[in-house]
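One letter stands for each residue in the lines below.
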Amino acid sequence: MIRAVLTGTGSALPARRVSNAELAERVDTSDEWIVERTGIRFRHIAGEGETTATLARDAAAAALISAGLAPGDIDLLVLATATPDNTFPATATKVQAMLAIDDCVAFDVAAVCSGFLYAVQVADSMIRAGAHRRALVIGAETFSRILDWEDRTTCVLFGDGAGAIVLEARDSVADVNDPGARGVLATRLHADGRHNGLLFVDGGPSTTGTVGKLRMKGREVFRHAVVNLAAVMEEALHAAGLPTDAVDWVVPHQANARILDATARKLSLPSEKVVVTVDQHANTSAASVPLALDQAMRDGRIQPGHIVVLEAMGGGFTWGAAVIRV
Ligand code: COA
């Protein structure tokens, strides 16, 4: 059977790395408070000339190299972001132009922190439907540009970055228990718009005509995150026909170390199976899952044949999970 098989990963971070101590010079906070409540130690912040599109381009170029493909081989480019370079055109088309891909389908997906999971399901569906053969799926953000740098309850939590994967239509063994069953095995997505007001940006083209700043009721978000993430991971594993103990690695959305711990505990997953980068990158929204995935692939923790579960939750609320044999 044809599945969307992961053949490459890449990531990119802005040059400037900012410590908690540096932030404490700007707002009333401390390294101790941030580490204890979130696990975050550093975040990268985009400088002049660095945008969502340039970070996406660099991550995509690295993913193409790791897949052994040229830009012209790509026929689908899906970019998840909540911080596009412009209201339009889609940042995906800017990245397409930067990579010099003459013709492909290119569009953005807006589902905030779960945007990458939404993008994976879209690309997987388009590949399995036979419409496309080689997709770049990217998560890229510059949340530093929509943060209220006077608000200590939010500005310490986020960072900038990008991650990308290549998915290719390949013949794959039908039996999910067979190591030859490579590719995206199942995806599950959800949204509940009743929670719009708990995590949002207070501006936009059709309302204020401004970009706006991020606003969040952190405690409420935390409560929903653990319940929703554990449930959607179980759902995706069930859809794939795999038990929890078949999972080699979980690559979660990197929002907060306490959410990662609590979610793993709820599923009785040992913490050694959870990829953690939140300490180094903070919350990079749609970029966080592919960034963490790329790191764990490059340092050899995730090996060919491993079962990997990706999961994320974000503004909307939206949330989702994907089960992939790499
Ligand atoms: N530095 C120091 N103190 C801070 C602070 C900071 N950066 N931010 C908030 N505080 C203070 C608050 O003002 C509050 O003080 P008060 O008790 O005098 O009113 C106190 O710390 C506790 O705040 P609270 O919001 O209750 O803390 P918390 O334990 O819920 O932790 C978060 C706050 C944001 C870290 C936590 O709620 C969280 O991680 N939520 C999930 C957020 C998230 O991941 N969102 C993205 C999902 S995509």
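Since we're looking at a predicted model, the values are computed, not measured.

Draft legend 1. Spatial organisation of the packing of aromatic side chains. According to the stated counting rule, one finds one aromatic pair in the structure shown. When the ring centre of tryptophan 149 is taken as origin, the NZ or CZ atom of arginine 26, which lies over that ring, is 4.7 Å away.

Draft legend 2. Spatial organisation of the side chain of histidine 132. Counting through the fold element by element, histidine 132 comes out in the loop between α5 (115-128) and β6 (134-142). Note on histidine 132: relative accessible area 10%, which makes it buried. Of note is the side chain of histidine 132, whose polar atom sits 3.1 Å from the backbone oxygen of aspartate 75. Residue contacts for histidine 132: discarding those within four places in its chain leaves Asp75, Leu76, Val105, Met126, Ile127 and Ala169.

Draft legend 3. Quick look at the packing of helix α7 (residues 218-240) against helix α8 (residues 257-266). At a minimum axis separation of 9 Å, α7 and α8 run at an interaxial angle of 40 degrees. With respect to α8, the axis of α7 lies oblique. Viewed along their axes, α7 and α8 form a crossing whose handedness is right-handed. On α8, the residues that touch Phe222, Ala225, Val226, Val227, Leu229, Ala230 and Met233 of α7 are Arg258, Ile259, Ala262, Thr263 and Lys266. Of the residues that constitute the contact of α7 with α8, the class distribution is nine nonpolar, one polar and two charged.

Draft legend 4. Spotlight on helix α3 (residues 52-67). Given a rise of 1.5 Å per residue, 16 residues ought to cover 22 Å, and the 22 Å separating the end C-alpha atoms of α3 matches this to within 8%. Where α3 is buried, its residues meet β1 (2-12), β4 (76-80), α4 (91-98), β6 and β7 (160-171). The residue sitting at the N-terminus of α3 and contributing the capping side-chain oxygen is threonine 51; that oxygen lies 3.2 Å from the backbone nitrogen of alanine 53. Residue glycine 68 follows α3 closely and has a positive phi angle near 70 degrees.

Draft legend 5. Main features of the site of the ligand. Taken together, 23 residues lie around the ligand, and Thr29, Arg37, Arg152, Arg219 and Asn256 are the ones closest in. Contact between the ligand and tryptophan 33: an oxygen atom at 3.4 Å from a side-chain N or O atom of the residue. At 2.5 Å, a side-chain N or O of asparagine 256 approaches an oxygen atom of the ligand. Burial of the ligand by the surrounding chains reaches 74%, relative to a free accessible area of 960 Å².

Draft legend 6. Quick look at the UniProt feature "domain: Beta-ketoacyl-[acyl-carrier-protein] synthase III N-terminal" (unreviewed entry) in the chain. Using the residue numbers shown here, the UniProt feature "domain: Beta-ketoacyl-[acyl-carrier-protein] synthase III N-terminal" (unreviewed entry) corresponds to residues 107-193. Span residues 107-193 is 21% helix and 38% strand, its end C-alpha atoms 23 Å apart.

Draft legend 7. Expanded view of empty space enclosed by the protein. Within the structure shown, the criterion is met by one cavity of 30 Å³ or more. Of the pockets and cavities examined, the largest cavity occupies roughly 40 Å³. Taken together, Met233, Val250, Pro252, Leu260, Thr263, Ala264, Val274 and Glu311 make up the lining of the largest cavity. Looking at the lining of the largest cavity, the elements that each hand over two or more residues are β11 (249-252) and α8. Here the element with the most residues in the lining of the largest cavity is α8; it accounts for three residues. Partitioning the lining of the largest cavity into residue classes produces six nonpolar, one polar and one charged.

Draft legend 8. Structural view of the pattern of salt bridges. For the structure on display, the rule yields 14 salt bridges. Taking the shortest distance from any N to any O, the salt bridge between arginine 128 and aspartate 124 comes out at 3.2 Å. Remark: aspartate 124 and arginine 128 occur in helix α5; sequence separation between them is four residues, near one turn of the helix. We classify arginine 128 as partly exposed; its relative accessible area is 47%. The closest approach of N and O atoms between arginine 215 and aspartate 202, which form a salt bridge, is 2.9 Å. A residue pair is termed long-range when its members are at least 10 positions apart, and arginine 215 in strand β10 (residues 214-216) and aspartate 202 in the loop between β9 (199-201) and β10 qualify at 13 residues. What makes aspartate 202 partly exposed here is its relative accessible area of 34%. By sharing partners, the salt bridges in this structure join Arg134, Glu168 and Arg170 into a single network.

Draft legend 9. Layout of the pairing of β6. Taken across its nine residues, β6 has eight buried, putting it largely inside the fold. Relative to β6, β4 is paired through five bridges, and the arrangement is parallel. The partner of valine 78 across the bridge, within β6, is valine 137. Pairing of β6 with β7, which is carried by nine bridges, proceeds in the antiparallel orientation. Along β7, the bridge assignment pairs threonine 142 with aspartate 160.

What counts, and where the lines are drawn
Residues numbered from 1 in each chain as written. Predicted model: local features only at pLDDT ≥ 70, side-chain atom pairs only at ≥ 80, totals over all residues. Heavy atoms only, no water. Phe/Tyr/Trp six-rings, centres within 6.5 Å; stacked < 30°, edge-to-face > 60°. Lys NZ or Arg CZ within 6 Å of the ring centre and 35° of its normal. Helix = DSSP H or I, 4+ residues; strand = E, 2+ residues; numbered from the N terminus. Buried < 20%, exposed > 50% of the residue type's maximum accessible area, 1.4 Å probe, protein only. Polar contact = N/O pair within 3.5 Å; in protein donor to acceptor, adjacent residues only side chain to side chain. Contact = heavy atoms within 4.5 Å. Axes fitted to C-alpha atoms, helices over the stretch in contact; angles between N-to-C directions. Parallel < 35°, antiparallel > 145°, perpendicular 65-115°, else oblique. Left-handed = near helix turned anticlockwise from the far one by under 90°. Nonpolar A, V, L, I, M, F, W, Y, C, P; charged D, E, K, R; others polar. Expected span 1.5 Å × (residues − 1). Near = heavy atom within 4 Å. Areas by Shrake-Rupley, 256 points an atom, 1.4 Å probe, with all protein chains shown as cover. UniProt positions renumbered as here; feature names shortened; annotations may be inferred. 1 Å grid on protein atoms, 1.4 Å probe; cavity = no way out; pocket = protein on both sides within 12 Å on 5 of 7 lines; lining within 4 Å. Points joined across faces, edges and corners; volume = space filled by probe spheres on them. Salt bridge = Lys/Arg side-chain N within 4 Å of Asp/Glu carboxyl O. Pairing = 2+ DSSP bridges.

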